[in-house]
Amino acid sequence: MDKNFEEEFTHIIKFQPPLYKQRHQFVKDLVEKYKPKKVADLGCADCSLLWMLKFCSCIEVLAGLDICANVMKENMHTLSPLPVDYLQPSERSLTVTLHHGSVAQKDPCMLGFDLVTCIELIEHLEESELKKFPEVVFGFMAPSIVVISTPNSEFNPLFQRVMLYRHPDHKFEWSQAQFQSWALETARCYNYSVEFTGVGHPPTGMEKVGFCTQIGVFVRKHAQTGESVQSEKPTEAVYKTVFKAVYPSLKDEKYLQNAVISEVIFTAQIIKHRFMSKHKEYSDDPERKSKCQPSMDCFSDYLGKLVVVKSMEPFVSGNEVYIPLATIFSFPKVNRLCGTFEKLRKLIAGKVTLSSDGSAVMLNIEHENEEN
């Protein structure tokens, strides 16, 4: 159901949070429980559920499908990467794709998903489409989990506005018994189990009418073999792709290299500044320098509990300060990004100024002297 229409319709019975947000939160909770990597939302409409799911760290592939291309196109910009996504790429990969097409048709782009959501979708289907729907979703796509939500017609008398259905585009609205009968038969035919729940509690004393939105969570009993999926695969695509976004990721060598270079330079500058401050402090006071020389072994509070050996100490030669790569690699973020010292050297080679033997980052100290 269109969320604006729904909010207007349910103004007598207040749902907090609004009913559409409760449905979206239900899906999000399910994602956090099962950690699917590939999720498809059938009947994605304004893409608001996809927008919420793109922040789930386990998801690497998101796909939306809707029969109305215009609604998707009006909202697809919300699924595009933001500048911050390029400045701070995620450690996971994420691809978001929107398709224009019918859930009554099979397309190979919808194979291989772990979770498929059909939120307030089936009641919009014509009878001929509803008959094909189970075979497309449960037989062809065959994801591990399917979530289907639909209005509960037994709740409708609680609304004061009188109408046949909750939305003018609805082709039917089922009672709890009707939905459960359809769901159980579908689960039996395609080897799924199904559990029933919902969102939107009825008023106290009217619990028998059930949830305002009834939900079926289908879980596939046995994994489908690759051969059975392949035999079902159509020879050509029938959906039209209207949007695709590939988010920057540290799994991409280009973004990883940029992140490592940035972090190495930042870390080297911090170490340089701390070291030069200490260096100047002791140089200006020879007596203090002789008394406190041992403290130079831990040249900076920034290094925390890092044990600094001679080979890891910065040193000055002429107008350059040398920051050992081993010291930079000891910092947690650099270490996590690179994994190995050899990969660190490989990623910054030719991009960061190093000493002749490649063991240290070289930074000019003239600017430091000017600041001091």
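Cut-offs and rules
Residues numbered from 1 in each chain as written. Predicted model: local features only at pLDDT ≥ 70, side-chain atom pairs only at ≥ 80, totals over all residues. Heavy atoms only, no water. Helix = DSSP H or I, 4+ residues; strand = E, 2+ residues; numbered from the N terminus. Buried < 20%, exposed > 50% of the residue type's maximum accessible area, 1.4 Å probe, protein only. Contact = heavy atoms within 4.5 Å. Areas by Shrake-Rupley, 256 points an atom, 1.4 Å probe, with all protein chains shown as cover. Pairing = 2+ DSSP bridges. Axes fitted to C-alpha atoms, helices over the stretch in contact; angles between N-to-C directions. pLDDT = per-residue confidence, 0-100. Core = buried A, V, L, I, M, F, W, Y, C linked by side-chain atoms within 4.5 Å. Phe/Tyr/Trp six-rings, centres within 6.5 Å; stacked < 30°, edge-to-face > 60°. Salt bridge = Lys/Arg side-chain N within 4 Å of Asp/Glu carboxyl O. Expected span 1.5 Å × (residues − 1). Right-handed = clockwise from strand over helix to strand, strands pointing away.

Helices and strands together make up the secondary structure of the protein chain, namely 14 helices and eleven strands. Looking at the protein chain as a whole, 45% of its 372 residues qualify as buried. In the protein chain, of all internal contacts separated by at least 6 residues, the share reaching a separation of at least 24 is 74%. Here the protein chain displays about 19,500 Å² of accessible surface, and carbon together with sulfur accounts for 52% of that area.

Our focus in this paragraph is the sheet that holds strand β10 (residues 320-324). With antiparallel pairing, three strands are arranged side by side in an open sheet as β9-β10-β11. In this open sheet, the two edge strands, each paired with only one partner strand, are β9 (315-317) and β11 (360-364). Pairwise comparison of adjacent strand axes, ignoring direction, gives a mean angle of 30° for this sheet. Of the strand pairs in this sheet, β9 and β10 are connected by three bridges, and their pairing is antiparallel. Looking at the pairing, S317 lines up with E320 of β10.

Let us look at the confidence of the model for the protein chain. Confidence along the protein chain averages 86 in pLDDT terms, with 82% of residues attaining 70 or more. Here residues 226-231 is modelled with pLDDT under 50, and outside its nearest four sequence neighbours on either side it reaches two contacts, counting other chains as well. This model gives residues 288-309 a pLDDT under 50, and the stretch forms 34 contacts once residues within four places in sequence are excluded.

So, about the nonpolar core. In this structure, V31, L53, I59, L98 and F155 are the most contacted members of the largest nonpolar core, which totals 37 residues. Among the elements of the structure, α2 (19-34), α3 (48-53), β3 (95-100), β4 (115-119), β5 (145-151), β7 (213-220) and β8 (240-246) are those that each provide at least two residues to this core. If one sorts the elements of this core by residue count, α2 sits on top with four residues. When residues no more than four places from it in sequence are discounted, the contact partners of V31 are P36, L53, C56, C58, I59 and L115.

Our next topic: the packing of aromatic side chains. Tallied over the entire structure, the rule returns 15 aromatic pairs. For the ring pair Y86 and Y255, a centre distance of 6.4 Å and an interplane angle of 55° mean the geometry is tilted. Separated by 169 residues along the polypeptide, Y86 in helix α5 (residues 83-87) and Y255 in helix α9 (residues 253-284) bring together distant segments of the chain. You can call Y86 partly exposed: its relative accessible area is 43%.

This part is about the pattern of salt bridges. Enumeration over the complete set of coordinates arrives at eight salt bridges. The partner of R336 in a salt bridge is E91, with the nearest N and O atoms 3.3 Å apart. Taken together, the residues span a long stretch of sequence, with R336 in helix α12 (residues 332-338) and E91 in the loop between α5 and β3 at a distance of 245 residues. For K131, the salt bridge goes to E127, with nearest N and O atoms at 3.9 Å. Residue K131 and its partner E127 are located together in helix α6 (residues 127-141), separated by four residues, close to a single helical turn. The pair formed by K131 and E127 is uniform in burial state, with each residue classed as exposed.

Okay, α2 next. The terminal C-alpha atoms of α2, which comprises 16 residues, lie 23 Å apart, in line with the 22 Å expected from a rise of 1.5 Å per residue. Within the sequence span of α2, burial applies to L19, Y20, Q22, R23, H24, V27, L30 and V31. K35 sits one or two positions beyond α2 and adopts a positive phi of about 55°.

Let us look at the pairing of strand β2 (residues 61-66). A large share of β2 lies buried, amounting to five of its six residues. One ladder, built from five bridges, connects strand β1 (residues 38-42) with β2; its direction is parallel. Bridge pairing in β2 places V39 opposite L62. For the segment spanning β1, α3 and β2, crossover handedness is right-handed. Bridge analysis of β2 against β3 gives six bridges, and the strand direction is parallel. Residue pairing for β3: A63 is matched across the bridge by T97.

Here the focus is the sheet that holds β2. The sheet built from eight strands is open, its strands ordered β6-β7-β5-β4-β1-β2-β3-β8 with mixed pairing. With one partner strand each, in any of the chains shown, β6 (192-199) and β8 form the two edges of the open sheet. Sheet twist, expressed as the mean angle between neighbouring strand axes with direction ignored, is 15°. As paired strands, β1 and β4 are joined by three bridges and run parallel to one another. Paired with V39 across the two strands is L115, which belongs to β4. Across the sheet, α6 lies against β1, β4, β5, β6 and β7, angled at about 160° from β5, the strand it touches most.

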